[in-house]
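Spelled out from the first residue to the last, the chains are:
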Amino acid sequence: MKSVLITGAAGFLGSHLCDRFIAEGFRVIGMDNLITGNLKNLEHLFSHKNFEFYHHDVSKFVHVSGELDYILHFASPASPIDYLKIPIQTLKVGAMGTHNLLGLAKAKNARILVASTSEVYGDPQVHPQTEAYWGHVNPVGPRGVYDEAKRYMEAITMAYHTFHGLETRIIRIFNTYGPRMRLNDGRVLPAFIGQALRGEDLTVFGDGSQTRSFCYVDDLVEGIYRLLMSDYASPVNIGNPNEITIADFAEEIIKLTGTSQKVIYKPLPTDDPMQRQPDITKAREILGWEPKVDRAEGLKITYDYFKSLPEEDLYRKDHNNFEEYIKR
Ligand code: UDP
């Protein structure tokens, strides 16, 4: 039986990855320090004989007993409001966390895939973004802690590949959505759906002309799986090229939820990228991958998930343990 360590296992993407690797017959070790992750996302796996959970912060030395075939490094705060609240932890998990996991991969002779991001392109001056574009990032802006940690993650991963011959994979993930996103993590989709469910107006930042391209989580997981199993070590964009302005996206959510609320406008956050769309030529050619779930279908599934949550979740300010964590 093959084994895989998944960091950030209790998070949105990590928990979907745990499900996928359990379904593929792997022994899965999920690791999370639970500052932004939620054990509810893994509850259904706790009784599975092939699943184990380690409560651990990967910025500290990582020990796993037994053999490991694969490592997927998905631990990180991933929402702009999270990395504003915990900037140093964000830097540490991308930098020291990645270093620890590369060391573990080397010790276990495991293949490692690291979760990079479209944020390495910053506020891009090239559109759509190909992997060859080096990016336009403000290192000292509010997003710098995330963007630069992920850029360092790519650099050190490539160094382990070229210097130690480690088998490495780098995925650049574009905006992804689906069930198990945190309702109050500040990102646009849960923000709008939460507002609609609470009967509040939808807050569009700036004039709403900025664009994003949203990928449904099942498509992303398929792309990750294919990249891991490929022999391609350079970065690969995975995302859905279907681009939409945030203003139009708000209208889609209003139609989907049937809310009678309106859109209100708030200031655009500093360094908010104006446009973002993945060029997925590489993923198509190398992995034979492209997204299959269109936005209408994915949004419906995601909306049904948010509607099924207990009502108190709608009013909870944070679904995280920052306060407790920072005290430690
Ligand atoms: N946004 C918005 N209203 C909100 C939350 C976000 O208009 O209540 C905008 C945000 O300014 C950005 C886009 O939606 O332009 C996507 O933001 P998100 O935080 O989801 O992720 P990003 O792609 O910026 O990392």
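Scoring rules and cut-offs
Residues numbered from 1 in each chain as written. Predicted model: local features only at pLDDT ≥ 70, side-chain atom pairs only at ≥ 80, totals over all residues. Heavy atoms only, no water. Near = heavy atom within 4 Å. Polar contact = N/O pair within 3.5 Å; in protein donor to acceptor, adjacent residues only side chain to side chain. Areas by Shrake-Rupley, 256 points an atom, 1.4 Å probe, with all protein chains shown as cover. Helix = DSSP H or I, 4+ residues; strand = E, 2+ residues; numbered from the N terminus. Nonpolar A, V, L, I, M, F, W, Y, C, P; charged D, E, K, R; others polar. Pairing = 2+ DSSP bridges. Axes fitted to C-alpha atoms, helices over the stretch in contact; angles between N-to-C directions. Contact = heavy atoms within 4.5 Å. Parallel < 35°, antiparallel > 145°, perpendicular 65-115°, else oblique. Left-handed = near helix turned anticlockwise from the far one by under 90°. Salt bridge = Lys/Arg side-chain N within 4 Å of Asp/Glu carboxyl O. Buried < 20%, exposed > 50% of the residue type's maximum accessible area, 1.4 Å probe, protein only.

Asks: Outline the site of the ligand, listing residues and values.
Replies: Of all residues adjacent to the ligand, which total 18 residues, the nearest are Thr 203, Phe 205, Arg 212, Asp 272 and Arg 276. Within the backbone of Phe 205, an N or O atom sits 2.7 Å from an oxygen atom of the ligand. At 2.6 Å, a side-chain N or O of Arg 212 approaches an oxygen atom of the ligand. In the complex, the protein chains occlude 95% of the 520 Å² of accessible area that the ligand would expose alone. When residues of the shell around the ligand are traced back to their parent elements, those giving at least two are helix H5 (188-198) and strand S8 (202-205). Class assignment of the residues belonging to the shell around the ligand gives a composition of eight nonpolar, four polar and six charged.

Asks: Hey, could you go over the sheet that holds strand S2 (residues 27-32) for me, with residue numbers and the actual values?
Replies: One open sheet accounts for seven strands, arranged S3-S2-S1-S4-S5-S6-S11; its pairing is parallel. The two strands at the open ends of the sheet, each matched to only one other strand, are strand S3 (51-55) and strand S11 (236-238). For this sheet the average axis-to-axis angle between neighbouring strands, irrespective of direction, equals 20°. Two elements, strand S4 (residues 70-73) and strand S5 (residues 111-117), share four bridges in a ladder whose sense is parallel. Opposite Tyr 70, over in S5, you have Arg 111 as the bridge partner. Packed onto the sheet, helix H4 (residues 144-164) meets S4, S5 and strand S6 (168-173) and runs at close to 155° relative to S5. Relative to the sheet, helix H6 (residues 217-229) contacts S4, S5, S6 and S11, its axis offset from that of S6 by approximately 160°.

Asks: Now, about the packing of H5 against helix H7 (residues 246-257): what can you tell me, with residues and values included?
Replies: Across the interface, H5 lies against H7 with an axial gap of 10 Å and an inter-helix angle of 40°. Relative to H7, the element H5 lies oblique. Crossing of H5 over H7 shows right-handed handedness. Note on element contacts: H7 touches H5 through Ile 246, Phe 249, Ala 250, Ile 253 and Thr 257, opposite Val 188, Leu 189, Phe 192, Ile 193 and Ala 196. Looking at the contact of H5 with H7 residue by residue, the classes come out as nine nonpolar, one polar and no charged.

Asks: How would you summarise the pattern of salt bridges if you had to cite specific residues and measurements?
Replies: Applying the stated criterion to the full structure yields 24 salt bridges. Across the salt bridge formed by Arg 212 and Asp 272, the nearest N and O atoms sit 3.0 Å from each other. In this pair, Arg 212 sits in strand S9 (residues 211-213) while Asp 272 sits in the loop between strand S13 (263-266) and helix H8 (281-287), placing the two residues 60 residues apart along the sequence. The residues Arg 212 and Asp 272 share a single accessibility class, namely buried. A salt bridge links Glu 222 to Arg 226, with the shortest nitrogen-to-oxygen separation between them at 2.8 Å. With Glu 222 and Arg 226 both in helix H6 and four residues apart, the pair spans about one turn of that helix. Within this structure, Glu 119, Arg 143, Arg 212, Asp 272 and Arg 276 form a network of salt bridges that share partners.

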